[in-house]
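One letter stands for each residue in the lines below.
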Amino acid sequence: MPYAVDFDTVSTVGLESSPVADALAGLRANEARYFKNKYGHVFTVEPASDATSTIDWVHRILEEERGIVIAAPPLEATAFQVENIRIAYVFYKDGLSINVMYTVDDSGKRAVGFKLSDGMEVPAELASFKFARQKSKLAGTIRGSYFVIKNEY
């Protein structure tokens, strides 16, 4: 069942099985606040079992671009378009969040972003990335990294 993420009252709904559920919920709420403030978009997620096409798209990009296979099981995902940007998010049990921002225009920017919830270790499959830190009132310390997508998806 889809869940509209509330960034005023952070909830672990859908993320309860994560060992860092509170931090992951804060990270999810941080993303929801960003899209609401920047684009007026209500950030709505659904269980991974209902979002297989979104998860498959994200995993295909990771594997084909960088040979990355995420070990943790996905808990939730969302896909939407704002302006000319196709966006997908997958939230994983270990506290990882992966997003794809894919400009629909041929000359646009396209990238994969990784965000680590406060309290989680860097997953082995992402050990080669350098992570920058940012503070968030909703999520504590978020560590993030990204790479540019080179191919068409």
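For clarity, every value in this text was computed on a predicted model and none was experimentally measured.

Engineer: Give me the layout of surface pockets: which residues, what numbers.
Structural biologist: There is about 440 Å³ of room inside the largest pocket. The wall of the largest pocket is formed by 22 residues, among which Asn99, Met101, Ala111, Gly113 and Tyr146 lie closest to the centre. Mapped onto the lining of the largest pocket, the elements with two or more residues apiece are α1 (21-39), β4 (85-92), β5 (96-103), β6 (110-116), β7 (132-136) and β8 (140-148). With 6 residues, the top contributor of residues to the lining of the largest pocket is β6. When the residues that make up the lining of the largest pocket are grouped by side-chain class, the tally is 11 nonpolar, 6 polar and 5 charged.

Engineer: Explain the pattern of salt bridges to me, using residue names and the numbers behind them.
Structural biologist: Scanning all chains against the criterion turns up 4 salt bridges. Residue Glu31 pairs with Lys115 through a salt bridge whose shortest N-O separation is 2.7 Å. Taken together, the positions of Glu31 in helix α1 and Lys115 in strand β6 put the pair 84 residues apart, joining distant regions of the chain. Taken individually, Glu31 and Lys115 each receive the classification buried, so the pair is uniform in this respect.

Engineer: Describe the sheet that holds β8, listing the residues and the values that go with them.
Structural biologist: Within the open sheet, the 8 strands sit side by side as β1-β2-β3-β4-β5-β6-β8-β7. Their pairing is antiparallel. Two strands bound the open sheet, and with one partner strand each, they are β1 (3-4) and β7. Two strands pair when backbone bridges link them, and β6 and β8 are joined in this way by 6 bridges, in the antiparallel orientation. Paired with Gly113 across the strands is Tyr146, a residue of β8. Along the sheet, helix α2 (residues 52-66) contacts β3 (74-82), β4, β5, β6 and β8; its crossing angle with β4, the most-contacted strand, is approximately 95°.

Engineer: How would you summarise the pairing of β4 if you had to cite specific residues and measurements?
Structural biologist: Of all 8 residues in β4, 7 are buried; the element is thus mostly enclosed. Connecting β3 to the antiparallel partner β4 that follows it, the hairpin turn spans 2 residues, and Glu83 within it adopts a positive phi of roughly 50°. Looking at chain direction, β4 and β5 are connected through 7 bridges and run antiparallel. Paired with Arg86 across the bridge in β5 is Tyr102. Counting the residues that bridge the hairpin from β4 to β5 gives 3 residues, and of these Gly95 lies at a positive phi of roughly 110°.

Engineer: Quick rundown of the nonpolar core? Include the residues and the values.
Structural biologist: Counting 27 residues, the largest nonpolar core has Leu62, Leu96, Ile98, Val112 and Phe114 as the members making the most contacts within it. Contributions of two or more residues to this core are made by α2, β4, β5 and β6. Top contributing element to this core by residue count: α2, with 5 residues. Sequence-distant contacts of Ile98, defined by excluding residues within four places in its chain, comprise Val58, Leu62, Ile70, Ala88, Tyr89, Val90, Tyr92, Val112, Gly113 and Phe114.

Engineer: Residue-level account of the pairing of β5, with values.
Structural biologist: Across the 8 residues of β5, 7 count as buried, placing the element largely inside the fold. Pairing of β5 with β6 involves 7 bridges; the strand directions are antiparallel. Residue pairing in the sheet places Asn99 in a bridge with Gly113 of β6.

Engineer: Run through α1, naming residues and quoting values.
Structural biologist: Taking 1.5 Å per residue as the helical rise, α1 with its 19 residues ought to reach 27 Å, and the 26 Å between its terminal C-alpha atoms agrees with that figure. A positive phi of about 75° marks Gly40, the residue just after α1.

Engineer: Can you break down α2 residue by residue, with the values?
Structural biologist: Its 15 residues give α2 an end-to-end C-alpha distance of 21 Å, which sits within 8% of 21 Å, the value for a rise of 1.5 Å per residue. Among all positions of α2, only Thr54, Ile55, Trp57, Val58, Ile61, Leu62 and Glu65 are buried. Looking down the long axis of α2, one finds its buried residues gathered within 160° of arc, a one-sided arrangement. Where α2 is buried, its residues contact β3, β4, β5, β6 and β8.

Definitions and limits used
Every residue gets a number counted from 1 within its own chain, in the order that chain's sequence is written. Owing to the predicted nature of the model, reporting of local features is limited to residues with pLDDT of at least 70; listing and counting of side-chain atom pairs is limited to 80 or more, with chain, interface and lining totals taken over all residues. Side-chain numbers here rest on the full set of heavy atoms in the structure, without hydrogens or water. Space inside and on the surface of the protein is sampled on a 1 Å grid over the protein atoms alone, with a cavity defined as a set of points where a 1.4 Å probe fits but cannot get out and a pocket as an open set with protein on both sides within 12 Å along at least 5 of 7 lines; lining residues have an atom within 4 Å of a point. Grid points are joined across faces, edges and corners, and a volume is the space filled by probe spheres set on the points. Secondary structure elements are defined from DSSP: runs of H or I of at least 4 residues count as helices, runs of E of at least 2 residues count as strands, and each element is numbered from the N terminus. Gly falls in the polar group here, along with every residue not listed as nonpolar (Ala, Val, Leu, Ile, Met, Phe, Trp, Tyr, Cys, Pro) or charged (Asp, Glu, Lys, Arg). The salt bridge definition used is simple: a Lys or Arg side-chain nitrogen within 4 Å of an Asp or Glu carboxyl oxygen. A 1.4 Å probe rolled over the protein chains alone gives each residue an accessible area, and that area as a share of the maximum for its type sets the label: buried under 20%, exposed over 50%, partly exposed in between. Strand pairing requires that DSSP identify at least two bridges connecting the strands. What makes two residues a contact is simply this: any of their non-hydrogen atoms within 4.5 Å. Interaxial angle, 0 to 180 degrees, is taken between N-to-C directions of lines fitted to C-alpha atoms, where a helix line uses only the stretch in contact. Grouping buried Ala, Val, Leu, Ile, Met, Phe, Trp, Tyr and Cys residues that are joined through side-chain atoms within 4.5 Å yields what is termed a nonpolar core. Expected span, for any helix, means 1.5 Å times one less than how many residues it has. Summarising the geometry, the arc corresponds to the directions from the helix axis toward the C-beta atoms.

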